[in-house]
Structures are given as structure tokens and as C-alpha cells.
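Observations on the three-dimensional arrangement
If you want the building blocks of each chain, they are given just below.
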Amino acid sequence: MKNNLIAFFRAAFPFLITVGLWRLASPFWNPGGILAIIPIFFCSFIRPVDWFTLFSVLMCVCLDYNFETVCFWVALYCLVSAINGFQSLVDLSRMDKDAIGAFMVFFGGAVLIQVLMNWSWWNLMRGIWIFVWGTGLYIPITTLIKKVHK
């Protein structure tokens, strides 16, 4: 019974941490639940988890709801999924350091688009903060997911 429960929580952990990060939204530390994009990116493209793709699309819809954008995160997720489909050119699962470089391009591009869509100096500073904070938390969150999932 104990081993079954541990196996269940290991399998469910990527889903639980994604929902948890999305629900822990706060204006300064996690605006709109944006940190949920870390497990979405990691568990979809770097270390794929069974059934996580459908869940990721649903969570991107939830991010769009929090950010009051219309299909921005869903479209970005689908774009990266299509790019990752060309594995002869780009293979995210084989990149070094859990593909933090690819995440920085993905996340930085998304933040830059959001800043440019509503330009102000305040939004630029906020965008820089979100980028630095999100990429800084990428390694600890992905390390936690890898350790629990094994």
C-alpha cells in the first residue's frame, strides 16, 4: 500500500507542482501564476511525462485567463511544440543543463512580446524582473521535479 501511494505521488508530482505554481499567483513574486510555465516547458519538451501535453494546453489556457490574453500562451506552447517536432534540427530533450538556454529564449521571447504589447518603462522593468526571477527558479524547480519523479 505504501509503495503504491509513493508511486502515485511520484507520477502526479509534475501535475501537482504545475497547479500549485499557477494557484500561488501573487503580483510581485508570481504574477498571473507565470512560474507554472517552468514545469509546463520542462515536462512537455525536456523530460516528457505521459498525458502532460493535454494538461499543459489546459494550464496554458489557465495562464491566458489569469493574464487576460486571448490564446497567447497556448499559441506559444503550440509553436514550441511544432519547433520541437523537427527533431533533426532542434532536439530539446538532448540539450545540456536541462535546456535552460532554450527556456530562456522561450520565456524571454514571451515576456518581451508582453512588454511590447503594452509598452511603458514600468512594464519593461517588471518584464526584466519576471525574466530574471523565472529563469533563476528554472534550475531549482526542474531539479526538484527530476528528484521526485525518479
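See above for the structure.
A brief look at the structure comes next. Note that the structure is predicted; figures quoted are calculated from it, not measured.

Let's talk about the environment of Asp91
Considering the arrangement of structural elements, one finds Asp91 in the loop between α4 (72-85) and α5 (100-117). By relative accessible area, which is 19% here, Asp91 ends up buried. Separated by 90 residues in the primary sequence, Asp91 and Met1 have C-alpha atoms spaced 39 Å apart.

Quick word on unusual backbone geometry
With a phi angle near 65 degrees, Trp51 is a residue other than glycine that sits in the positive phi range. With respect to the secondary-structure elements, Trp51 resides in the loop between α2 (37-46) and α3 (52-67). On the basis of relative accessible area, Trp51 is assigned to the exposed category, the value being 72%. A positive phi is found at Asp98, a non-glycine position, where the angle reads about 55 degrees. Along the chain, Asp98 turns up in the loop between α4 and α5. Relative accessible area serves as the criterion here: at 13%, Asp98 is assigned to the buried category.

Focus: α4
The end-to-end C-alpha separation of α4 is 20 Å, in line with the 20 Å expected for 14 residues at 1.5 Å each. Where α4 is concerned, the buried positions are Phe72, Trp73, Val74, Leu76, Tyr77, Val80 and Asn84. Check the buried side of α4 and you find it contacts α2, α3 and α5.

Observations concerning the state of the cysteines
Tallying each qualifying case throughout the model produces zero disulfides. For Cys60, which is in no disulfide, the shortest distance to another cysteine sulfur is to Cys78 and amounts to 7.8 Å. Residue Cys60 is classed as buried on the basis of its relative accessible area of 0%. Counting only cysteine sulfurs, Cys60 is the nearest neighbor of Cys62, a cysteine outside any disulfide, at a range of 9.1 Å.

A look at the nonpolar core
Among the nonpolar cores identified, the biggest contains 42 residues, and Ile37, Phe41, Ile46, Trp73, Phe103, Phe106 and Tyr138 are the most heavily contacted of them. Secondary-structure elements contributing two or more residues to this core are α1 (2-23), α2, α3, α4, α5 and α6 (121-149). For Tyr138, the residues in contact, after removing those within four places along its chain, are Ile38, Phe41, Phe42, Ile46, Asp98, Ala99, Ile100 and Phe103.

Here we look at the pattern of salt bridges
Any two side chains of opposite charge can pair, so long as their charged atoms come close to each other. In the structure shown here, the tally under the stated rule is one salt bridge. Linking Lys146 and Asp98 is a salt bridge whose minimum nitrogen-to-oxygen distance equals 2.7 Å. Pair noted here: Lys146 is in helix α6 and Asp98 is in the loop between α4 and α5, with a separation of 48 residues, a long-range link.

Conventions we followed
Residues numbered from 1 in each chain as written. Predicted model: local features only at pLDDT ≥ 70, side-chain atom pairs only at ≥ 80, totals over all residues. Heavy atoms only, no water. Helix = DSSP H or I, 4+ residues; strand = E, 2+ residues; numbered from the N terminus. Buried < 20%, exposed > 50% of the residue type's maximum accessible area, 1.4 Å probe, protein only. Expected span 1.5 Å × (residues − 1). Contact = heavy atoms within 4.5 Å. Disulfide = S-S within 2.5 Å. Core = buried A, V, L, I, M, F, W, Y, C linked by side-chain atoms within 4.5 Å. Salt bridge = Lys/Arg side-chain N within 4 Å of Asp/Glu carboxyl O.

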